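# A structural walkthrough
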Amino acid sequence: MTDRYAVIGNPIAQSRSPLLHTAFARQFGHDLRYEAILAAPDAFRETVLSFIAAGGRGMNVTAPFKLEAAALADTLTERARAAGAVNTLKFDSEGILGDNTDGVGLVGDIQDRLGVRLAGRRVLVIGAGGATRGILLPLLRAQPSGVLVVNRTVARAQALAEALAAQGPILAGPLDAAGGREYDVVIHATSAGLNDGAAPAVDYRVAAGGLAYDLAYGEDTPFMRQARERGAARTVDGLGMLVGQAAESYRIWRGVLPDVRPVLEQLKLA
Ligand code: ATR
C-alpha cells in the first residue's frame, strides 16, 4: 500500500513541502503520497486524527498549528521540547511522536552545504520569536564559543537564554547589545523585513570569512543587504534550511537522509 504523508496548515497552498518530499521519494524510489491539507483554525486535532485513521504515517506541521502539534504528541523529542513547537509528527504503534527539525535543518545547511564550522565561532541571532526558539538548541549543540540573542523586546531574548543556559554559552540583550562587535555567523530571525520592510537596525560587524544567514526567503533580502554593509562577503537566505528541515523529517519517517543539493537547485528554479 502507498504510504501517506501530508503537510497541515492554514493557509497551505503556498507550501513547498509536497514538492520537496516528492523529490526525496524519487531519490530512493519510495512509493509514497504526500499531500497538502488545509485545516480550519479550530480543527487541527480532528484533522490529524482522521489522517491517522486513514493510514497516515507522518505529517509536517506549519503555521498556525506548531504549538497545538506539540500538545497533541504523546512523546516529544528533546529538541521539540526546547523549541516548544513541533513541525514533524510521526505515527506508529507507539503513538504520536512530535519532533522539530528546523534547527537541525539550519545547522546542517550552515555546516554541510555552506561549509562553515560553528564550533568555536561567535554567533549573533537577531530576534527572539518562535523561529529563534526552534533553532537555539541545535545551534548550541554545534559548540559555538558563544551565542548572543538580541531582540526588540529584551525580556523575550532573556527568557530563551535562561531556558537554555545549561546547554551552552548563551547571552541575551536588546538590539543594541551587539555593540558593533565582530561575529562569525549572524542569523536574522525576526519577521521585520518581510514584505520589503527594513531589517532591524543592529550594529554588528561580520568577521572576514563570516556568514550572514536570513531565515526568510528571497534573492536579496533587506537583511542580506544590511549584512553586506557590515562586512559580510557571504549572505544567504533560508531556502537551504527549508530543504534541510524537510530532509530531516524524511529521515525520521523513512530512516534514510535525502540529498538536499539537487532538490535545493530544483527549488531555486521553480
Ligand atoms: P516568528 O515565529 O516568525 O519568530 P514571532 O514569534 O511573532 O514570529 O516573532 C517575531 C520576531 O520578530 C520577534 O523577535 C519580534 O520582536 P519582538 O519580540 O520585540 O516583538 C521581531 N520583530 C517583528 N517586527 C519587528 C520590528 N519591526 N523590529 C524589530 N523586531 C521585530
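From a predicted model like this one, the values you see are computed outputs, not experimental measurements.

Counting buried residues along strand E10 (residues 182-188), 6 of its 7 residues qualify, which places the element largely inside the surrounding structure. Inspection of the sheet shows E10 paired to strand E11 (residues 205-214) by 6 bridges, in the parallel sense. From the neighbouring strand, Val 185 faces E11, where its bridge partner is Leu 211.

When its domains are assigned, the protein resolves into domain 1 (3-100 + 242-269) and domain 2 (103-237). For domain 1 and domain 2, the distance between their C-alpha centroids amounts to 25 Å. With 15 residues of domain 1 at the contact, the number on the domain 2 side is 12 residues. In total, about 1000 Å² of surface goes out of reach between domain 1 and domain 2, with carbon and sulfur atoms giving 56% of it. Linking domain 1 with domain 2 are 1 salt bridge, by the criterion used here. Between Arg 141 and Glu 78 there is a salt bridge; the shortest N-O distance is 3.2 Å. Put simply, domain 1 and domain 2 have 4 residue pairs in polar contact (both at pLDDT 80 or more) between them. Contributions of two or more residues to the side of domain 1 that touches domain 2 are made by helix H4 (78-83), helix H9 (239-254) and helix H10 (260-269).

So, how was this worked out
- Residues numbered from 1 in each chain as written.
- Predicted model: local features only at pLDDT ≥ 70, side-chain atom pairs only at ≥ 80, totals over all residues.
- Heavy atoms only, no water.
- Buried < 20%, exposed > 50% of the residue type's maximum accessible area, 1.4 Å probe, protein only.
- Helix = DSSP H or I, 4+ residues; strand = E, 2+ residues; numbered from the N terminus.
- Pairing = 2+ DSSP bridges.
- Domains from an automatic or database assignment.
- Contact = heavy atoms within 4.5 Å.
- Buried area = accessible area lost by both parts, 1.4 Å probe.
- Salt bridge = Lys/Arg side-chain N within 4 Å of Asp/Glu carboxyl O.
- Polar contact = N/O pair within 3.5 Å; in protein donor to acceptor, adjacent residues only side chain to side chain.

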